[in-house]
Amino acid sequence: QVQLVESGGDLVQPGGSLRLSCAASGSIFSINVMGWYRQAPGNQRGLVARIFSDGGTNYADAVKGRFTIARDNAKNTVSLQMNSLKPEDTAIYYCHALITQYSSSRLMSYWGEGTLVTVSS
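Please read all numbers here as calculations on a predicted model, not as lab measurements.

Asker: Would you explain the sheet that holds strand β1 (residues 2-7) in this entry?
Answerer: Adjacent strands of a sheet form backbone hydrogen bonds with each other and so pair up, either parallel or antiparallel. Strand order in this open sheet of four strands is β1-β3-β8-β7, and the pairing throughout is antiparallel. In this open sheet, the two strands that pair with only one neighbour each are β1 and β7 (67-72). Looking at each pair of strands side by side, their axes are set apart by 15° on average, direction ignored. Both β7 and strand β8 (residues 77-82) contribute to a ladder of six bridges, which runs antiparallel. When the bridges of β8 are listed, F67 appears paired with M82.

Right under this line is the structure:
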């Protein structure tokens, strides 16, 4: 079985910074893409940023220039450096990955349980 475990969520003041981390563990053959999604109360879950195995990245327009996603392929980890945080960044942040396990040739979607980021003074 595969698990994604996030860490780093916290309460931070507007303008502050926070770094989220996510580690994938289990019987992992390869990881196609790793990324972060977020869901604020009353809103749907949406993409924040994602990074592919070749290093290519996508960012939501709302976070471009403020957030940076990075990946360590050897450790199966992904991080999200969040700078210049705004109250509207407040949400539960979920780690996501598309993973192929040793036991299967299928690409499967996995989610972490989420970590809360609150931006408030």
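There is more to say after this.
Asker: Any chance you could explain the pairing of strand β10 (residues 107-111) here in plain terms?
Answerer: Taken residue by residue, a regular strand's side chains alternate between the two faces of the sheet. Inspection of the sheet shows strand β9 (residues 91-101) paired to β10 by five bridges, in the antiparallel sense. Its bridge partner lying in β10, H96 is registered against W111. As consecutive antiparallel partners, β9 and β10 are separated by five residues.

Asker: Honestly, the nonpolar core in this entry has me stumped. Any pointers?
Answerer: In globular proteins that are soluble, nonpolar side chains generally tend to be buried together. In terms of nonpolar packing, the biggest core is built from 30 residues, with W36, L80, M82, Y93 and I99 touching the most fellow members. Sorting the residues of this core by element identifies β1, β3 (18-26), β4 (28-39), β5 (46-52), β7, β8, β9 and β11 (115-119) as the ones contributing at least two each. Considering each element in turn, this core owes the most residues, five residues, to β9. Excluding anything up to four places from it in sequence, Y93 contacts E6, L20, W36, Y37, R38, V48, F67, L80, M82, G114, T115 and V117.

Asker: Explain the side chain of T100 to me, please; I cannot follow it from the model alone.
Answerer: Of note, T100 is situated in strand β9. Assessed through its relative accessible area of 12%, T100 is described here as buried. The residues contacting T100, other than those within four sequence positions of it, are I28, F29, S30, S105, R106 and L107.

Asker: Help me understand the environment of S27 in this model?
Answerer: By the secondary structure assignment, S27 is in the loop between β3 and β4. Remark: the alpha-carbon pair of S27 and L98, spanning 71 residues in sequence, is separated by 13 Å. S27 has contacts with Q1, Q101 and Y102, leaving out every residue within four places of it along the chain.

How each quantity is defined
Residues numbered from 1 in each chain as written. Predicted model: local features only at pLDDT ≥ 70, side-chain atom pairs only at ≥ 80, totals over all residues. Heavy atoms only, no water. Pairing = 2+ DSSP bridges. Helix = DSSP H or I, 4+ residues; strand = E, 2+ residues; numbered from the N terminus. Axes fitted to C-alpha atoms, helices over the stretch in contact; angles between N-to-C directions. Core = buried A, V, L, I, M, F, W, Y, C linked by side-chain atoms within 4.5 Å. Buried < 20%, exposed > 50% of the residue type's maximum accessible area, 1.4 Å probe, protein only. Contact = heavy atoms within 4.5 Å.

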